[in-house]
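Each chain, letter by letter, is given below.
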Amino acid sequence: MLVDRPVLKVGVLGAGTVGSQVVRLLLERAEDFAARSGARLHVTGVAVRDLEAPRDPAVPRELLTTDSTAVATGNDLVIELIGGIEPARTLILAAFRAGASVITGNKALIAAHGPELYAAAAQAQVDFYYEAAVAGAIPVVYALRESMAGDRVTSVLGVVNGTTNFILDEMSTKGLSFDAALATAQQLGYAEADPTADVEGLDAAAKCAIIASLAFHTRVGLDDVAVEGITDVTADDIREAHASGCEIKLLAIAQRRDDELAQGVSVRVHPALVPKDHPLASVRGAFNAVLVEAEAAGRLMFYGQGAGGAPTASAVLSDVVAAAAHRVNGGQAPRESSYAALPVLGLQDALTRYQVQLRVVDAPGALAAVAQVFASNQVSIDSVRQSSYVGGQDAVVTIVTHVAPVRALDAAVRDLEQEERVESVVSVRRVEGL
Ligand SMILES: NC(=O)C1=CN([C@@H]2O[C@H](COP(=O)(O)OP(=O)(O)OC[C@H]3O[C@@H](n4cnc5c(N)ncnc54)[C@H](O)[C@@H]3O)[C@@H](O)[C@H]2O)C=CC1
Ligand SMILES: N[C@@H](CC=O)C(=O)O
Ligand code: NA
């Protein structure tokens, strides 16, 4: 027993999927945490809404309390795992004022109120850590904030929502319905309390805002992210994607543009086609993966469990050990770094590729006319495939472009709709990772 170590009081707010695993591990691995942090971590209370609600038996009944304010203000370290904006925000601010360091997994709160929380932590001279907020167990916050501090990040591309990746994977590999796959994701503890945050892309958007803020040293909030979720993705879309040699993934994309046409950062979340041989295409189930490109390092890839109680608790506890060690040895968590203050660009300035399916008149000159439309909009073509004859005089042609601004790609699609040898624009899909 490491009885000579100082004692730090730890309070936990919320004992749901993640909170219960954090408490379990804090109690089961007390000796390890004392050795690693230099302090014995004494869990004084676990705030819950309902004392009688069913929960993991590893959370001792005698630790439970409904007095969340007392837990927030009566401890050295406060772990917030309630989720949502209020009362989480008020409780965290109260914890800072009471001199506690705070660890949270609450991406929704950070994306909405990050600067306020950073300022409050700085004023109180305490730590504010949130590794669990982005990509669960994967140490991506640490990587962007600390490992990449010596480099210039140019883009981050990731699968950062376990629930939607699980749903798309179940639809793709088992032919499960959207609703059945979502219900399983909820049972497995991947989904948010309100799963519309997952399926409508808002959870990934919050993570994308945090990623961009860290990567580009710029304040990026939830409202800066262009978001589209997966509720419109159908079994037919997935079949079409397979026919093109792709999977559909919900991607979070943070790019830095520094060219003659645009300077700033663009942030977006949407489903996209990803070629099957790209590393992100093979991210299965609730796993997440994050690809970081930086000027000196080149490409880095992070992969692991992005959701679920124990994997997320692992990220929370890494922060707990760091915050506890600071209490014992001195030192502080990195503060907000927003010195670059880059402009946040709109979706029109994002760079992507389109796969466009056209029904065209099957006659000499039709393809040349289509190519001319792309050329006149400064969009270069990567590949053209005549995918099927649809009878009579028409053919379906599938065109994949090179990277271009959304503005130029959309203008090309509008012009194609007016081109007389194009009968119709059948589909327009975004492609990433070519
Ligand atoms: N479940 C996951 O895989 C991951 C979750 N997170 C984040 O971790 C946080 C917690 O998530 P989960 O554990 O999944 O949620 P959960 O819904 O399972 O647990 C939250 C618990 O907090 C309780 N609660 C709500 N208001 C309260 C209050 N005022 N006082 C005391 N307790 C209160 C609820 O009754 C519930 O038991 C959220 O911010 C979530 O976004 C982050 C990464 C992964
Ligand atoms: N609901 C989230 C949980 C982790 O952040 C997800 O599905 O990824
Ligand atoms: Na993480």
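Residues numbered from 1 in each chain as written. Chains lettered and ligands numbered in written order. Predicted model: local features only at pLDDT ≥ 70, side-chain atom pairs only at ≥ 80, totals over all residues. Heavy atoms only, no water.

An unreviewed UniProt entry lists the chain under the name Homoserine dehydrogenase, with Actinomyces weissii as the source organism. UniProt's Function (unreviewed entry) comment on the chain is quoted here verbatim: "Catalyzes the conversion of L-aspartate-beta-semialdehyde (L-Asa) to L-homoserine (L-Hse), the third step in the biosynthesis of threonine and methionine from aspartate." UniProt, in its Cofactor (unreviewed entry) section for the chain, records the words "a metal cation". (UniProt positions renumbered as here; feature names shortened; annotations may be inferred.)

S.K.: Help me out: how do you make sense of the overall build of the chain in this one?
M.R.: Scanning the chain from N- to C-terminus turns up 14 helices and 17 strands. In terms of C-alpha radius of gyration, the chain reaches 24 Å, essentially the compact-globule figure of 22 Å for 434 residues. C-alpha atoms of the chain, sized along the principal axes, occupy 85 × 45 × 30 Å. By residue count, 53% of the 434 residues in the chain fall in the buried class. Considering only contacts within the chain whose residues lie at least 6 apart along the sequence, 73% involve residues at least 24 apart. Surface summary for the chain: the accessible area is close to 18200 Å², and the carbon and sulfur share equals 50%. (Helix = DSSP H or I, 4+ residues; strand = E, 2+ residues; numbered from the N terminus. Rg over C-alpha atoms; globule rule 2.2 N^0.38 Å. Buried < 20%, exposed > 50% of the residue type's maximum accessible area, 1.4 Å probe, protein only. Contact = heavy atoms within 4.5 Å. Areas by Shrake-Rupley, 256 points an atom, 1.4 Å probe, with all protein chains shown as cover.)

S.K.: Teacher, can you tell me more about the nonpolar core here?
M.R.: Core analysis: the biggest nonpolar cluster contains 74 residues, and Phe96, Phe128, Tyr130, Leu144 and Val156 have the highest contact counts within it. Here this core takes 11 residues from helix α10 (residues 202–216), the largest share from any one element. Looking at this core, you find at least three residues from each of domain 1 (7–136 + 310–329) and domain 2 (140–306). Residues within four places of phenylalanine 128 in sequence aside, it is in contact with Phe96, Val102, Thr104, Ile110, Leu117, Tyr118, Ala121, Arg145 and Ala333. (Core = buried A, V, L, I, M, F, W, Y, C linked by side-chain atoms within 4.5 Å. Domains from an automatic or database assignment.)

S.K.: Explain the coordination of the sodium ion (ligand 3) here, please?
M.R.: When a metal carries six donors in an octahedron, the ideal angles between them are 90 or 180 degrees, while four donors in a tetrahedron ideally lie at 109.5 degrees. Looking at the metal site, the sodium ion (ligand 3) is ligated by Glu131 (O), Glu131 (OE), Val134 (O), Gly136 (O) and Ile138 (O), spaced 2.3 to 2.6 Å from it. Positions of the donor residues of the sodium ion (ligand 3), expressed as sequence spacing, correspond to E-x2-V-x1-G-x1-I. Residue glutamate 131 shares its accessibility class with valine 134, and that shared class is buried. (Donors = N, O, S within 2.8 Å, 3.2 Å for Na, K, Ca; no water.)

S.K.: Is there a simple way to explain the site of ligand 2 in this structure?
M.R.: All residues in the neighbourhood of ligand 2 are listed as Lys107, Asn161, Gly162, Thr163, Tyr190, Ala191, Glu192, Asp198, Asp203, Lys207, Gly306 and Ala307. One of the side-chain nitrogen or oxygen atoms of threonine 163 is found 2.6 Å away from an oxygen atom of ligand 2. Relative to its unbound accessible area of 250 Å², ligand 2 is 94% covered by the protein chains. Grouping the constituent residues of the shell around ligand 2 by class yields three nonpolar, four polar and five charged. (Near = heavy atom within 4 Å. Polar contact = N/O pair within 3.5 Å; in protein donor to acceptor, adjacent residues only side chain to side chain. Nonpolar A, V, L, I, M, F, W, Y, C, P; charged D, E, K, R; others polar.)

S.K.: Sorry, what's going on with the site of ligand 1 here?
M.R.: As a matter of local geometry, ligand 1 sits amid 20 residues, with Thr17, Val18, Lys107, Glu192 and Gly308 nearest to it. A distance of 2.9 Å separates an oxygen atom of ligand 1 from a polar atom in the backbone of threonine 17. In this structure, valine 18 approaches ligand 1 through a main-chain N or O atom, which is 2.9 Å from an oxygen atom. In isolation ligand 1 has 820 Å² of accessible area, and contact with the protein removes 84% of it. Along the lines of polarity and charge, the residues of the shell around ligand 1 split into eight nonpolar, nine polar and three charged.

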